[in-house]
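Working through the structure, step by step
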Amino acid sequence: MNISFLGLGRMGRVLAQHIVDAGHDVTVWNRTPSRADALVAAGARRAATPADAVAGADLVVTAFFGPSAVREAVLDGELPLSDTTVWVDVTTVSPEDATVFASWARSAGVRYVHSPVIGSLAPAANRSLGVLVGGDAADRAVALPIVSLWADPARLWEFDAPSKAAGGKLVANLALAISMQGLVEAIDLGHATGLSTEEVLTTLTGTGLGVIAGMKGQTIRARSFGDTQFSTDLIVKDIGLMLASADRPLPALVTAYAALTTAQDAGNGDDDFSVIAARAAAG
């Protein structure tokens with residue numbers, strides 16, 4: 001299959017590599033061309049522009065920072081997409097964005113599937129991401145063999161509308177943000193009651209915070225927040241989409257958002273979002 005991949009951030013590069021490794025003809029594009037170097041060395045073709053990248057493609061994957069980049073590159077990009085092209089957008093967007101993109105695709109004669117992922121770089125590399133796939137059944141059938149390249153088969157869910165896939169991704173990331181804030185508060189409380197950080201992390205095993213403690217415990221112990229799996233900037237952007245999509249207050253999410261934006265304002269936007277535990281871990 002002739003596949004184009006637009007957007008080579010941390011996650012995009014990993015996903016595109018899986019497609020190259022699967023033996024497809026892959027053309028890649030990124031605003032910063034050097035991010036394509038490893039993929040080109042592995043056999044992908046580098047395109048100079050998005051239009052050049054998608055010309056003749058059977059399937060186009062987009063993996064951008066957010067919805068505004070999707071609009072710029074695709075909706076406003078005057079791309080040479082055909083009525084047989086399937087556009088698979090992996091970008092985290094709001095349900096409203098996904099609905100707008102689907103409407104644009106219909107008017108442009110393009111087949112649209114929204115397929116965000118749940119997980120960070122390590123499960124992406126291990127092909128064990130959660131994957132949501134939203135769109136018409138026939139279009140999902142074309143997208144599934146590709147998005148399955150990075151999916152945990154037990155965590156691959158199909159939806160009959162792109163907006164539902166977008167909503168599912170926001171729900172998952174809400175859980176991630178709130179769990180991280182809960183872990184920070186558990187460490188704070190533990191320190192106040194005489195427990196060390198290690199004792200707090202051990203005590204959380206088997207509790208509702210046990211998963212996030214297992215995911216981020218070693219990062220917190222080592223205070224190695226520069227080994228970014230999921231950046232503060234990205235989750236702050238995602239929380240903005242969540243808050244805009246909600247129809248009632250989300251106070252726990254607002255608390256997590258405040259902690260994350262404080263870290264962002266302190267210059268830690270490119271660090272792993274677990275950096276909000278740095279102060280707590282220091283005691």
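It should be noted that the structure appears before, not after, this text.
Summary of the structure given here.

The next thing to look at is the overall build of the chain. Each helix and strand in the chain was counted, giving 13 helices and 9 strands. Here the C-alpha atoms of the chain give a radius of gyration of 20 Å, agreeing with the 19 Å that 2.2 N^0.38 yields for 283 residues. In terms of its C-alpha atoms, the chain occupies a principal-axis envelope of roughly 65 × 45 × 35 Å. In the chain, buried positions account for 48% of the 283 residues. Accessible surface, the chain: about 12,200 Å² in total, of which carbon and sulfur atoms supply 54%. Positive and negative charge centroids in the chain, built from 20 and 29 side chains respectively, lie 2 Å apart.

This part takes up the layout of surface pockets. Considering only enclosed or pocket space, the largest pocket measures out at about 1,200 Å³ in volume. Around the largest pocket, the lining is made up of 49 residues, and of these R10, M11, F64, F230 and L234 lie nearest the centre. Those elements that place two or more of their residues in the lining of the largest pocket are α1 (10–21), α4 (67–75), β7 (117–118), α6 (121–125), α8 (162–192), α10 (210–222) and α11 (232–245). In terms of residue count, α8 provides more of the lining of the largest pocket than any other element does, 6 residues in total. Here the residues of the lining of the largest pocket are counted per class, giving 22 nonpolar, 15 polar and 12 charged. In this structure, the second largest pocket occupies an estimated 150 Å³ of space. P95, G167, L170, V171, L174, M242, S245, A246 and L250 are the residues that line the second largest pocket. Counting residues per element, the ones that place at least two in the lining of the second largest pocket are α8 and α11. For the lining of the second largest pocket, the element with the most residues is α8, which contributes 4 residues. Taken together, the residues of the lining of the second largest pocket break down into 7 nonpolar, 2 polar and no charged.

Scoring rules and cut-offs
Residues numbered from 1 in each chain as written. Predicted model: local features only at pLDDT ≥ 70, side-chain atom pairs only at ≥ 80, totals over all residues. Heavy atoms only, no water. Helix = DSSP H or I, 4+ residues; strand = E, 2+ residues; numbered from the N terminus. Rg over C-alpha atoms; globule rule 2.2 N^0.38 Å. Buried < 20%, exposed > 50% of the residue type's maximum accessible area, 1.4 Å probe, protein only. Areas by Shrake-Rupley, 256 points an atom, 1.4 Å probe, with all protein chains shown as cover. Lys, Arg positive; Asp, Glu negative; His and termini not counted. Charge placed at Lys NZ, Arg CZ, Asp CG, Glu CD. 1 Å grid on protein atoms, 1.4 Å probe; cavity = no way out; pocket = protein on both sides within 12 Å on 5 of 7 lines; lining within 4 Å. Points joined across faces, edges and corners; volume = space filled by probe spheres on them. Nonpolar A, V, L, I, M, F, W, Y, C, P; charged D, E, K, R; others polar.

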